[in-house]
Amino acid sequence: MAITKTRDDLLDAEASGIQEEDRALVGRIRDGDVKAFDVLVKKYRERLYAVIYNITGNREDASDLTQEAFIRAYRSILKFKEQSSFFTWLYRIGVNTALNFLRKNRFRRFFSFENIDEEAASSEIVEKLAVKTGGDRTTVLKELQEKLNESLQKLSPKHRAVVVLFEIEGLNHTEIANVLKCSEGTVRSRLHYAKEELKALLQEYQDLCKMP
Amino acid sequence: MKQPLSDEQLTALLRLKRHEKPDASFWVTFDSELKEKAFSHLLQHRETRLAFWLKLMWQRLRPVMPATASLAVLFIVISHLQGTPAALATEAQADLSTLVHSLDVGKISSLARDSRLVACQSIRPLTQGIDFSAGSIVTVAEKASLSTRF
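Colleague: Is there a simple way to think about the nonpolar core in this case?
Modeller: Grouped burial of nonpolar side chains is what soluble globular proteins tend to show. Residues and elements named next belong to chain A. Counting 58 residues, the largest nonpolar core has Val-51, Ile-52 and Leu-165 as its most contacted members. By residue number, the principal contributor to this core is helix 2 (residues 34-56), which donates 10 residues. Among residues more than four places away in sequence, those in contact with Ile-52 are Ala-62, Leu-65, Thr-66, Gly-94 and Ala-98.

Colleague: Hey, could you run me through the packing of helix 4 (residues 86-104) of chain A against helix 9 (residues 173-180) of chain A in this one?
Modeller: To characterise two packed helices, one gives the angle between the axes of the helices and the distance between these axes. All names here are of chain A. Running from N to C, helix 4 and helix 9 point in directions that differ by 55 degrees, and their axes come no closer than 8 Å. Taken as axis vectors, helix 4 and helix 9 run oblique relative to one another. Read as a crossing pair, helix 4 and helix 9 show a hand that is right-handed. Contact residues: helix 4 offers Thr-88, Tyr-91, Arg-92 and Val-95, while helix 9 offers Glu-175, Asn-178, Val-179 and Leu-180. Residues that form the contact of helix 4 with helix 9 fall into these classes: 4 nonpolar, 2 polar and 2 charged.

Colleague: Could you clarify how one ought to interpret the interface of chain B and chain A in this entry?
Modeller: Counting residues at the interface gives 26 residues for chain B, matched by 29 residues for chain A. Among the secondary structure elements, those contributing two or more residues to the side of chain B that touches chain A are helix 1 (7-15) and helix 2 (24-61) of chain B. For the side of chain B that touches chain A, the element with the most residues is helix 1 of chain B, which contributes 8 residues. Among the residues making up the side of chain B that touches chain A, the classes are represented as 11 nonpolar, 5 polar and 10 charged.

Colleague: Can you walk me through unusual backbone geometry in this structure?
Modeller: Note on backbone geometry: most residues besides glycine have negative phi, and most peptide bonds are trans. All names here are of chain A. Despite not being glycine, Lys-181 shows a phi value in the positive range, around 55 degrees. Examined against the element boundaries, Lys-181 turns out to sit in the loop between helix 9 and helix 10 (184-201). Under the C-beta neighbour-count criterion, Lys-181 is labelled exposed, with 10 such atoms within 10 Å.

What counts, and where the lines are drawn
Residues numbered from 1 in each chain as written. Chains lettered and ligands numbered in written order. Predicted model: local features only at pLDDT ≥ 70, side-chain atom pairs only at ≥ 80, totals over all residues. Core = buried A, V, L, I, M, F, W, Y, C linked by C-beta atoms within 7 Å. Buried ≥ 20, exposed ≤ 12 C-beta atoms within 10 Å, placed from the backbone. Helix = DSSP H or I, 4+ residues; strand = E, 2+ residues; numbered from the N terminus. Contact = placed C-beta atoms within 7 Å. Axes fitted to C-alpha atoms, helices over the stretch in contact; angles between N-to-C directions. Parallel < 35°, antiparallel > 145°, perpendicular 65-115°, else oblique. Left-handed = near helix turned anticlockwise from the far one by under 90°. Nonpolar A, V, L, I, M, F, W, Y, C, P; charged D, E, K, R; others polar.

This is the structure we're talking about:
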């Protein structure tokens, strides 16, 4: 318990330090220092891109929308009230940009999946699947990636956003509620529904994911 | 019948998506595209602002445009009718000629005689044969100045 508490304290301290750093950068941007914004872009572009990509399921759209989100963030930097962390605020802009895009293009959807690194190929799930099907790990991984993305895209955008933020990005319920500007109860409810849907869609992998 | 996945199993599957990442070259393109878009957005924003102010000015001026245009036309016409400086000078000369021609010759002769009476004897009488046509008054003055010298 003491170790966990210390670890939590370290994580809190780290988060606090990151927030202070971000606030300093935001202050510099407001003073007209454009290079400070470049620092923030480099710091958060990968995470923001990942969120938008997982919501849209298309890497080209995700690239455009991430850029658009950064431009919006820059334009709105004076409106950032520092009540939440900069990253939560940036996530909010990114998620809203993605959801608005999906709303406008709901009848024109093309999937374009991102590369998946070799580290995933050595995961336990992929190993077991390769053994079960007799295929090589790369092919198995590609098929699994396709199946995961297809299942995710079958959810409604707002349910998908919650799952992406919680399961893939690792945000907690409070942070997700801040990002989506809804209550924690709404977050839990959407998350529960989304997970039930995904479990049904991914049932065939049940044997591969036996946890100890 | 298969059991549905547990939360942990689902989490394990979804965590695989954390490995979906673009390579390093993607970010080089991303950064340059972002700079381009930011710049063109800035230009567009400035043009939008200029268009906004022009539109606002047009809306404010439109009601008074006919009156303003009429005044402008009137001003141009008046300026044209009043003429240029050269034309005005020609006009003045013409007026002077008319004035000279309209002078009462008899009256001027008597005035000249009177002036001769009060003038010095060196001033020769020049009133005789005075020609009061345009420009001759100058000639009379020149003759007067010549006669005073001699």
